[in-house]
Amino acid sequence: SFIDLLLISGGIFFVFIKNYNNLNMKNIYKNSQRNLNKAKKILNKDNIIAVPTETVYGLAGNAYSNTAIKKIYKLKKRPKTNPLIIHYYDLRGLKNDAYIDNKFLKLYKKFSPGPLTYILRKKKNSKISLIANANLKTIAVRFPKNNIIRKLLQNLQFPLAIPSANISSAVSPVSSYDVLDEFPKKLNFILDGGSSKIGLESTVVNLDGKTQILRPGAISQNQISKVLKRKISILKTTNKIKSPGQLKKHYSPGIPIKLNCKKADNKAAFIVFGKKYKNNEKNIFNLSKSGNLEEAARKLYKTFRKIKNLGFKRINIVKIPNNKIGIAINDRLRKAAY
Ligand code: AMP
Ligand code: MG
């Protein structure tokens, strides 16, 4: 009868909508032993998954496997000249792949596991894929602090290459939903770990040759200088890639950004910082009402993504204080605005 037909077609429509909504969400896996085992299986087959870390979410693959590393570059559309950071559980794994010295050990004891990446001389007999470090003499290494990625690393027979889980030059994801936003189709396993605690990429320090910060991050120039007992400089951005974070255009939400604004242009989204700005207009986004730079760092990429998805065509942003993690925020803003 007509009623039956209506019910059946209604049912089909309901199932369709339900599946449509779940299509992507089903790729997000909660933190559980069962899901960690699944992640391990996928990685053992040289496939790629998304993982949480305390800095930003990343795309993880076996760092010893050319097959896995090629998949990462392809998925991200990342230039092959832009090397990846290799992630380890602890020093034991690293000793197969890189030379370590006292300077490294001092920093390691103070800041690892945590948001600090070290550039070290690669060992000749290292099994790290030559593609992963763009065939350089050095490798970038990090020991992430996030519990979920640590549990995973501890149970693997290889380190993980983990760049941020975004299309090259776009904004880094800071939640599993952001990863879906970047890869709605081509990624079917995202390990969920809530919101990234820090929200900005790691500090990168070069320890092969001149000791220098290649990319500012949550671990500051002052903190590193203190441990090494001498002033360590921050490298100025050039066109020569010594580190991916040094690319001039990076971290871009895909719409123009104007820095150091006192007020917003017509129709622009206005990113502000501190208590003197009231969030009473739809175009105002406050990174931290209390003027806390760490909160601002945590919210920056989330705010970029929100503004873009709301359909704004450009962003104006106030001047952000250039101290502590504010230095890293300003580094990302300059590159996002380039
Ligand atoms: P991301 O794309 O966020 O994973 O950032 C990658 C980071 O890797 C860059 O900021 C670089 O500092 C770093 N990197 C990786 N390998 C090297 C290397 N061999 N020499 C210098 N920097 C490297
Ligand atoms: Mg990145």
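Look up a bit, the structure's there.
Residues numbered from 1 in each chain as written. Chains lettered and ligands numbered in written order. Predicted model: local features only at pLDDT ≥ 70, side-chain atom pairs only at ≥ 80, totals over all residues. Heavy atoms only, no water.

Its place among the elements puts Asn206 in strand S9 (residues 203–206). Taking relative accessible area as the criterion, Asn206 reaches 3% and is therefore assigned buried. Here the side chain of Asn206 touches Asp208 through a polar contact of 2.9 Å, landing on its backbone oxygen. (Helix = DSSP H or I, 4+ residues; strand = E, 2+ residues; numbered from the N terminus. Buried < 20%, exposed > 50% of the residue type's maximum accessible area, 1.4 Å probe, protein only. Polar contact = N/O pair within 3.5 Å; in protein donor to acceptor, adjacent residues only side chain to side chain.)

As a further point, take the sheet that holds strand S14 (residues 284–286). Within the open sheet, the four strands sit side by side as S12-S15-S13-S14. Their pairing is parallel. Edge strands, defined here as strands with exactly one partner in the open sheet, are strand S12 (257–258) and S14. As defined by bridge partners, S12 adjoins strand S15 (residues 315–317) across two bridges and the pair is classed as parallel. Looking across to S15, one finds that Lys258 is bridged to Asn316. Of the strands in this sheet, S12, strand S13 (269–272), S14 and S15 are in contact with helix H9 (residues 293–310), which crosses S14 at around 165°. (Pairing = 2+ DSSP bridges. Contact = heavy atoms within 4.5 Å. Axes fitted to C-alpha atoms, helices over the stretch in contact; angles between N-to-C directions.)

What follows concerns helix H5 (residues 102–111). Of all the positions in H5, only Phe104, Leu107, Tyr108 and Phe111 are classed as buried. All buried residues of H5 lie within an arc of 105° about the axis, which places them on one face of the element. In H5, the exposed positions that point more than 90 degrees away from the buried face belong to Asn102, Lys109 and Lys110. In this structure, the buried residues of H5 make contact with helix H4 (91–94), strand S5 (116–121), S9 and helix H8 (221–228). The backbone nitrogen of Lys103 has a side-chain oxygen 3.4 Å away, supplied by the residue at the start of H5, namely Asp101. (Arc of directions from axis to C-beta.)

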